[in-house]
Amino acid sequence: MRALFIVLLGLSLVSSGQAEDLKSIYQSLNRHDPQAPVSVRDDYLRASGQAVGIQDRGRVQNVFSNFGILSNLHLFTPAVHFPNTDVFVQQYSAGVNFLVGVKGDVISSVFNPQDFVRNYEWQPASRNLFSGDRTASDGTPLLASSDDELTWPRDASDQPFWPGRYRLDEEGTPVAGEFVSERDIYAVFTDQGNERGSYGLEVELTAYSFNRPILEDALIFDFYIHNRSDTDLDSVVIGYLVDLKPDYDFKDILFDYRHLPNHLIYEQDFNQTPDGNWEEVALVGFGTLPTPQTVSTRIQNFHYFDDVSEPADDGLLWRLMTSDRASLPDSIAAKYFHGEDVKYDDTSLSPLLDPSGNGEGTDVTFIVSSGLLSIAAGDSVRSTVVILLAETANQMIDHFEFLRERARDDFRSSTAPPVPALYGVAGDGRVTLTWDRVAESAIDPLTEQADFEGYRLYRSTDQGTTWGEPVTNSRGRVIDYVPLAQFDLDNEVFGTDPVSGLYLGNNSGLTHVFIDSTVVNGIEYWYTLTAYDNGLENVPEGSLSSPRGVFPQNEKQIIAVTPGGLASDIRFVPVNNSQPLEPLGGICDGTVIIEVVDPAALLDQQYTLTFDIIDDTTTVFNLIAMPNDTLLKHYPVLESPTDFVPIINGFRPIVIDTEFGVISAEWTYVHHEQTTFDWWFEQRTNSNEELGPVMYGYHNYRITVGDETTGEMLPAASGIDGLLCEAHVYETVWIPLRVEAFLTEEEMTDVTSYCGLLDLRYYFPQSSVLSPQGWDLIPGGKAYNPTALADQWADRIVLKNGPTCEDDEFWMGTQHPPEELGGIPPSPGDQFTIITAKPFRETVYYQFETQKARPTESGGEPLSAIKVVPNPYIVSSDLANNGIMFTHLPSKCTIHIFTVAGDKVTQIDHQSQSDTAYWDLRNSSGREVAYGLYVYVVETPQHGTYTGKFYIIR
């Protein structure tokens, strides 16, 4: 950065026409290119352990390093690109460098693109702090980022781990697994590359990138400077060299806002008029923030200068960092000291730097630094700074004040729900999208409430530049886009959030599957999914939303897909014709459907689906590719087909359980017209009685009424002592019933001896609200309770299919009024049948198989179905973003393309299960072809040829 003045000085001396050309060069350098998430202009980085971090969660995009350079347009882009929704219009950074001075020696890192000089005195820490599995488009490694575990280093067990700091709670204790911003990026570097030798300095840097309002316009850098040596260090100064640009006319002036112990220096274009291709000019600022440990590193020295005078040696840097004007000649000092305060420059004088004498400012650069510090061996100091963008001076100050308050609490604030993972499979004229539920159970760290509200699904046809129709606020600023679909909880939260202005939904209910059938085959679509909260506790931010995402190759909430069909001769066999599978191992009322989503991904494979019961309450399933490859283990059963389940080998296993309960309980056979003997399972009162309904098990039962010679002596308990299998048994009583459990629909087994009676009269023998002790079938007899509490304190027959507590258990309340009240007894041989719902259980399993999609012997569709899309090809058409598309192709063919005169242009060899192939309108030599009429011939190995034509027009 120190030699950047060579380029900028040249700009000040060239003609206006030449300046416009140079502006275009600068624009192209800092252009946001979605296909290249970061551009690095130093091949050395890929071989030396240096890495970069991408800050792009909010409206500001930036790339910084793990060697002391926080931003530098010439080294890597984007560099303070703002706003990120615009390709060309942005502010930018010619360089922001981190400096530490020790007794006149200044440690810094420099990159000079003009002279190919690099001097990286800050060097990455030797220990492994990022994986290297994620890289920029040119291969430069990405630093560990909180929202992407693929960037994290791995431990001895090859498991990813977060190497950095977690957010702090109210007591200053790290909260494992939780982060400060939507993307925390961690780096550590040392002074091992210092030309005068190492002082044992190690710097921990965590950079924050926020998606939420106000914070989205800020880039925050949090430094811990450690003295790892055995020697105390004194005369230490922490500083920053800052070169920010509102636009390219280099007529900029400075302002400062002092709120001790923190300062903000911000820069604006002199007349705030966009220059050249600029459409907007924002204010760019740099300030320190008051985290609990940063008082010692607050700004005490501030000096600005024309960029052509940027210090090129440690001696001058040290003098500016320590405000040592006395040792400088007056002619030199005048360039760097402005105003009466020798330590702190007067920003009102910055317009006078204009070399033309018009008082319109210049290409201004500044340096800020702390006072002299001492860092004892083993100790550290903290310095936290922010680069802040704003549209007005008032907004700049208001946002800085907001940041100061957040910093005082170590940036503890409400956060948006976690980023959901989005998955998509392209089909023929459709895209199937599914996403996980990780956002729905998140707890907001500030409110400690689960405040998730819904999802917004967006679609882009311009690679993420826009995401639909813009939504603007009262000032015309784009705050969102109209989503392709939105799903929110059915609750009291709906309509527009009064703080953020974002639409919170219409109580549609949640889903985790969406099929977009409004797509055109061959067009690349980008989809992104955000999760948002209800905003009820998030003042002043209002409803917060997770980021939309920028790069499909690096972020889990954004994908790029191109729909298309299977090749015309390819067919696949659906699994069980999309009907529910039949259970094995027992009767089951759950539903298992294998939904084929991506036929091209199907395998020749047999599968088994089994179940486990976790903690006696939670049913989970396992998907096993036979013989023993477990693809899903302990996955929760779904509540509906729209719940999330991964797409595996081309299909989704839709596994929906049924709630246990009694489907029917009724007299299914009576000798006479009716009986009024009343048995029930449900709780018929509103009381909180402990002896409520108990239904546990999977069997159906049939109860047959006996006479005085049939039935058994069964145990009688009170129920107060516990369940029948554990309770104190007072006596055995004659129960004139035979109880059978269904083994299959036709086979039954006698389980009468396992059953029993629960009668509270044994525990409360003197009670006036209980029926007589014992039980019988006589109207008005021992099973009749005449009091108002009859339903609450009724006797209960307990049905069991085995002798242990793990066996089924059903409690049936009984109430039989006397004959004068209409009581009609059952007759011997009458039967009462109980049919229960049967959820998944460990004895039940399912089996199915899939087959690969294969060419048919008949060849599929005729070749005459082949089409060219679009035809004619219009260069400006949205349908032409991938070139010309050939559709309805067989799996193997060669496409020959000729001019109308018969000259061969090129050929395309197609071998794919897709029915589409693309031509980029270039000939076999790579040159673009001319407009006009073209002929194509599709040649197949077995089914002959087909000839067609298409036009290319302006």
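The structure under discussion appears in the preceding block.
Each value, and the rule that gives it
Residues numbered from 1 in each chain as written. Predicted model: local features only at pLDDT ≥ 70, side-chain atom pairs only at ≥ 80, totals over all residues. Heavy atoms only, no water. Buried < 20%, exposed > 50% of the residue type's maximum accessible area, 1.4 Å probe, protein only. Helix = DSSP H or I, 4+ residues; strand = E, 2+ residues; numbered from the N terminus. Contact = heavy atoms within 4.5 Å. Polar contact = N/O pair within 3.5 Å; in protein donor to acceptor, adjacent residues only side chain to side chain. Pairing = 2+ DSSP bridges. Axes fitted to C-alpha atoms, helices over the stretch in contact; angles between N-to-C directions. Phe/Tyr/Trp six-rings, centres within 6.5 Å; stacked < 30°, edge-to-face > 60°. Lys NZ or Arg CZ within 6 Å of the ring centre and 35° of its normal. Salt bridge = Lys/Arg side-chain N within 4 Å of Asp/Glu carboxyl O.

**Observations concerning helix α4 (residues 314-321)**
Here is step 1 of the chain: Counting buried positions along α4 gives six out of eight residues, so the element sits mostly inside the fold.
Here is step 2 of the chain: Among all positions of α4, only Asp314, Leu316, Leu317, Trp318, Leu320 and Met321 are buried.
Here is step 3 of the chain: Residues of α4 that are buried sit in contact with β6 (92-102), β7 (105-107), β15 (233-245), β19 (301-306), α5 (330-336) and β20 (364-369).
Here is step 4 of the chain: Of the residues flanking the start of α4, the one acting as N-cap is aspartate 313, its side-chain oxygen 2.9 Å from the backbone nitrogen of glycine 315.

**Observations concerning the sheet that holds strand β50 (residues 846-850)**
Here is step 1 of the chain: Taken in spatial order, the four strands make up an open sheet running β36-β35-β34-β50, and their pairing is antiparallel. The sheet is open, and its two borders are formed by β36 (629-636) and β50, each paired with just one other strand. Averaged over neighbouring strand pairs, the angle between their axes works out to 20° when direction is ignored.
Here is step 2 of the chain: Summarising the sheet, strand β35 (residues 618-625) and β36 pair through five bridges and their orientation is antiparallel. Considered in β36, the bridge of isoleucine 624 is made with threonine 630.

**Topic: the sheet that holds strand β58 (residues 932-939)**
Note: strands within a sheet are paired through backbone hydrogen bonds, in either parallel or antiparallel orientation.
Here is step 1 of the chain: Pairing is mixed in the open sheet, where five strands are placed in the order β53-β59-β58-β55-β56. Edge strands, defined here as strands with exactly one partner in the open sheet, are β53 (873-874) and β56 (904-911).
Here is step 2 of the chain: Relative to β56, strand β55 (residues 892-899) runs antiparallel, the two being bridged by seven bridges. When the sheet's bridge partners are listed, isoleucine 895 is paired in β56 with isoleucine 908.

**A word on the packing of aromatic side chains**
Here is step 1 of the chain: Tallying each qualifying case throughout the model produces 52 aromatic pairs.
Here is step 2 of the chain: With a centroid separation of 5.8 Å and 15° between ring planes, the pair formed by tyrosine 934 and phenylalanine 950 is classed as stacked. Remark: phenylalanine 950 occurs in strand β59 (residues 945-953) and tyrosine 934 occurs in strand β58; sequence separation between them is 16 residues.
Here is step 3 of the chain: Through successive ring pairs, a cluster of aromatic residues spans Phe98, Trp122, Phe189, Phe223, Tyr240 and Phe286.
Here is step 4 of the chain: Here the guanidinium or amino end of arginine 165 rests over the ring plane of tyrosine 224, the centre of that ring lying 3.7 Å away.
Here is step 5 of the chain: For the cation-ring pair, arginine 406 lies above phenylalanine 402, with the distance from its terminal atom to the ring centre recorded as 5.6 Å.

**Quick look at the pattern of salt bridges**
Here is step 1 of the chain: With the rule as written, the count across this model stands at 34 salt bridges.
Here is step 2 of the chain: One salt bridge connects aspartate 409 with arginine 412, and the closest N-O pair in it is separated by 3.8 Å.
Here is step 3 of the chain: Using a relative accessible area of 28% as the deciding quantity, one classes aspartate 409 as partly exposed.
Here is step 4 of the chain: One salt bridge in this structure joins arginine 922 and glutamate 928, with 3.5 Å as the shortest N-O distance.
Here is step 5 of the chain: Residue arginine 922 is classed as partly exposed on the basis of its relative accessible area, which comes to 33%.
Here is step 6 of the chain: Taking relative accessible area as the criterion, glutamate 928 reaches 63% and is therefore assigned exposed.
Here is step 7 of the chain: When salt bridges with common partners are traced through the structure, they connect Asp56, Arg57, Asp147, Arg183 and Glu555 into a single cluster.

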